[in-house]
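A structural walkthrough
Here is how the chains run, residue by residue.
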Amino acid sequence: MKTMKKFKNILFAMLAVAFLAACDQGIDPITRVEPGPDAAAPTVKINYPAQGALIRVTEDVVPIDIDFEVTDDIEIKTITVSLDGTQIATFDDFKDYRRVLRTYRHAELTNGEHTIQVTATDLADKSTSQSVTFEKVEPYRPVYEGEVFYMPFDGDYMELISIKNATKVGSPVFAGQSVQGLNAYAGATGGYLTFPTAGLLGNEFTAAFWYRLKLTDPMPSYGHRAGILVIGPPDTDKAGNLQNKRTHGFRLFREGSATNQTFKLNVGNGTADSWFDGGAAASINPATVTDWVHIAFTISPTRCAVYINGSVVSQGAFTGVNWTGCDIISIASGAPRFTEWNHLSDLSYMDELRLFNKALTQDEIKVIMDAEK
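What you see is a predicted model; the values in this text were computed from it and never measured.

1. Focus on the sheet that holds strand S6 (residues 99-109)
Taken in spatial order, the 3 strands of this open sheet run S1-S3-S6, and their pairing is antiparallel. Each edge of the sheet is formed by a strand with only one pairing partner; in this case those strands are strand S1 (43-48) and S6. Geometrically, the sheet is characterised by an average inter-axis angle of 25 degrees between neighbouring strands, direction not taken into account. Inspection of the sheet shows strand S3 (residues 62-71) paired to S6 by 9 bridges, in the antiparallel sense. Opposite Asp-65, over in S6, you have Arg-105 as the bridge partner.

Okay, here's the thing in structure tokens:
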């Protein structure tokens with residue numbers, strides 16, 4: 001044991017000598033480096049919210065997470081955050097004094113336009129500020145009795161009552177014009193929207209929207225036709241591109257020629273389907289009718305009706321819709337549930353789409369149409 005202890009002492013002494021020799025040769029593991037002059041002001045970047053952002057939620061007052069980044073060439077001294085000119089947060093303790101990534105939660109953001117400013121100051125008292133202006137949009141409140149769905153297409157595909165976005169299929173775009181608001185939907189080949197029907201379906205139903213007819217050129221081999229609104233079940237008896245189960249839900253579509261497009265409604269009661277085809281009364285000549293038209297249809301336990309510009313163009317008795325298997329609505333196409341007859345993507349424009357859980361009267365439809373003109 002004494003021999004082993006003696007050996008360890010000799011080994012330690014040899015390592016100490018080697019370390020001292022290394023230091024004599026100029027190898028120093030800790031060398032102070034002067035930071036140099038503070039030449040630049042800090043840089044500030046606000047990651048969220050973005051300039052011009054619209055915050056849409058169902059509540060009037062919500063928290064907001066303000067996300068920002070600050071960097072400096074030497075050392076950051078303080079960071080302040082202001083909302084609408086009032087300072088709401090100050091930071092002066094940082095793990096990394098040259099780069100700070102931080103998210104600050106402000107508890108109460110109210111409706112309206114707001115400005116956030118982040119200011120950073122370095123040790124030389126040089127400061128930099130960045131500001132963004134954004135808006136918390138007041139939640140949409142249904143305007144009409146029975147209104148359960150409202151999609152204005154104002155630059156996005158959000159349904160404003162649920163504050164949920166539709167699923168975009170393909171590449172639909174926007175029209176660059178509208179009846180109301182900032183924009184309208186514009187279809188594209190292979191493009192359409194889908195939205196879940198949960199909470200939207202009952203014994204009565206109404207859809208109402210503005211529509212500007214656009215045909216493809218040249219005419220497709222299957223003719224000028226398109227699906228407009230469809231709520232239908234999957235057709236398990238047919239292949240994917242031959243979907244056509246008409247015993248449930250409804251299908252609103254158009255078909256015809258370059259000079260005559262007829263709007264038709266088909267509705268299923270669970271065992272059979274009924275047609276509401278107004279013929280000439282429900283037809284538009286795309287060469288002469290180039291402006292927006294208002295389209296609506298109603299479904300009740302006893303009757304269905306189709307309206308164009310507030311006038312009845314087709315109606316008849318009906319025994320009640322069956323919604324079994326109808327879990328999505330297709331907007332601007334028959335796909336994916338009504339494709340066998342090539343009622344595919346509609347390249348037309350659509351604006352102010354509203355759905356109701358009641359069958360509106362003609363007068364109620366006219367009130368909506370007149371208010372949106």
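2. Section: the nonpolar core
Ranked by internal contacts, the top residues of the largest apolar core, which has 44 residues, are Leu-229, Phe-250, Phe-297, Ile-331 and Leu-353. Discounting residues that sit within four places of it in the chain, Ile-331 has contacts with Phe-149, Met-151, Phe-153, Tyr-185, Tyr-192, Leu-193, Ile-228, Leu-229, Met-350 and Leu-353.

3. Some remarks on the pattern of salt bridges
Oppositely charged side chains may form a pair once their charged atoms are brought near each other. Scanning the model with the defined rule gives 18 salt bridges in all. The salt bridge involving Arg-105 is made with Asp-65; its shortest N-O contact spans 2.7 Å. A residue pair is termed long-range when its members are at least 10 positions apart, and Arg-105 in strand S6 and Asp-65 in strand S3 qualify at 40 residues. For Arg-105, a relative accessible area of 51% corresponds to the exposed category. Through salt bridges with shared partners, a single network forms among Glu-147, Glu-352, Arg-354 and Glu-372.

4. Some details on helix H2 (residues 362-372)
Within H2, burial applies to Ile-365, Ile-368, Met-369 and Glu-372. In a view along the axis of H2, the buried residues occupy a sector of 95 degrees, so they form one face of it. Elements that come into contact with the buried residues of H2 comprise strand S16 (205-212), strand S22 (293-299), strand S23 (303-308) and strand S26 (349-356).

5. As for the state of the cysteines
Note on terminology: disulfide describes a covalent bond linking the sulfur atoms of two cysteines. Within the structure shown, the criterion is met by 0 disulfides. A disulfide-free cysteine, Cys-304 has its sulfur positioned 14 Å from the sulfur of Cys-326, the nearest such atom. Since its relative accessible area comes to 0%, Cys-304 is described here as buried. Judged by relative accessible area, which is 5%, Cys-326 ranks as buried.

6. Side note on the packing of aromatic side chains
Within the structure shown, the criterion is met by 21 aromatic pairs. Each ring, one from Trp-275 and one from Trp-341, has its centre 6.2 Å from the other, and the planes form 25 degrees; the classification is stacked. In this pair, Trp-275 sits in strand S20 (residues 273-277) while Trp-341 sits in the loop between strand S25 (328-331) and S26, placing the two residues 66 residues apart along the sequence. Trp-275 gets classed as partly exposed once you look at its relative accessible area, which sits at 41%. Classification of Trp-341 by relative accessible area gives partly exposed; the value is 31%. Over the ring of Tyr-150 we find Arg-354; its NZ or CZ atom is 4.0 Å from the centre of that ring.

7. Regarding unusual backbone geometry
Here the residue pair Tyr-48 and Pro-49 is connected by a cis peptide bond, since its omega of 0 degrees sits within 30 degrees of zero. Along the chain, the position of Pro-49 falls in the loop between S1 and strand S2 (54-56). Of note in the backbone geometry, Asp-125 takes a positive phi value of approximately 65 degrees without being a glycine. Note on placement: Asp-125 falls in the loop between strand S7 (112-122) and strand S8 (127-137). Residue Asn-309 is not a glycine yet carries a positive backbone phi of 50 degrees. Note that Asn-309 resides in the loop between S23 and strand S24 (311-317).

8. Some words on the sheet that holds strand S4 (residues 76-83)
Strands sit in the order S2-S8-S7-S4-S5 across an open sheet of 5 strands; the sheet is mixed. Both outer strands of the open sheet, S2 and strand S5 (86-91), are each paired with one neighbouring strand and no more. Sheet twist, expressed as the mean angle between neighbouring strand axes with direction ignored, is 25 degrees. In this structure, S7 lies alongside S8, joined through 10 bridges in antiparallel fashion. Within the sheet, the bridge partner assigned to Thr-121 lies in S8 and is Ser-127.

What counts, and where the lines are drawn
- Residues numbered from 1 in each chain as written.
- Predicted model: local features only at pLDDT ≥ 70, side-chain atom pairs only at ≥ 80, totals over all residues.
- Heavy atoms only, no water.
- Pairing = 2+ DSSP bridges.
- Helix = DSSP H or I, 4+ residues; strand = E, 2+ residues; numbered from the N terminus.
- Axes fitted to C-alpha atoms, helices over the stretch in contact; angles between N-to-C directions.
- Core = buried A, V, L, I, M, F, W, Y, C linked by side-chain atoms within 4.5 Å.
- Buried < 20%, exposed > 50% of the residue type's maximum accessible area, 1.4 Å probe, protein only.
- Contact = heavy atoms within 4.5 Å.
- Salt bridge = Lys/Arg side-chain N within 4 Å of Asp/Glu carboxyl O.
- Arc of directions from axis to C-beta.
- Disulfide = S-S within 2.5 Å.
- Phe/Tyr/Trp six-rings, centres within 6.5 Å; stacked < 30°, edge-to-face > 60°.
- Lys NZ or Arg CZ within 6 Å of the ring centre and 35° of its normal.

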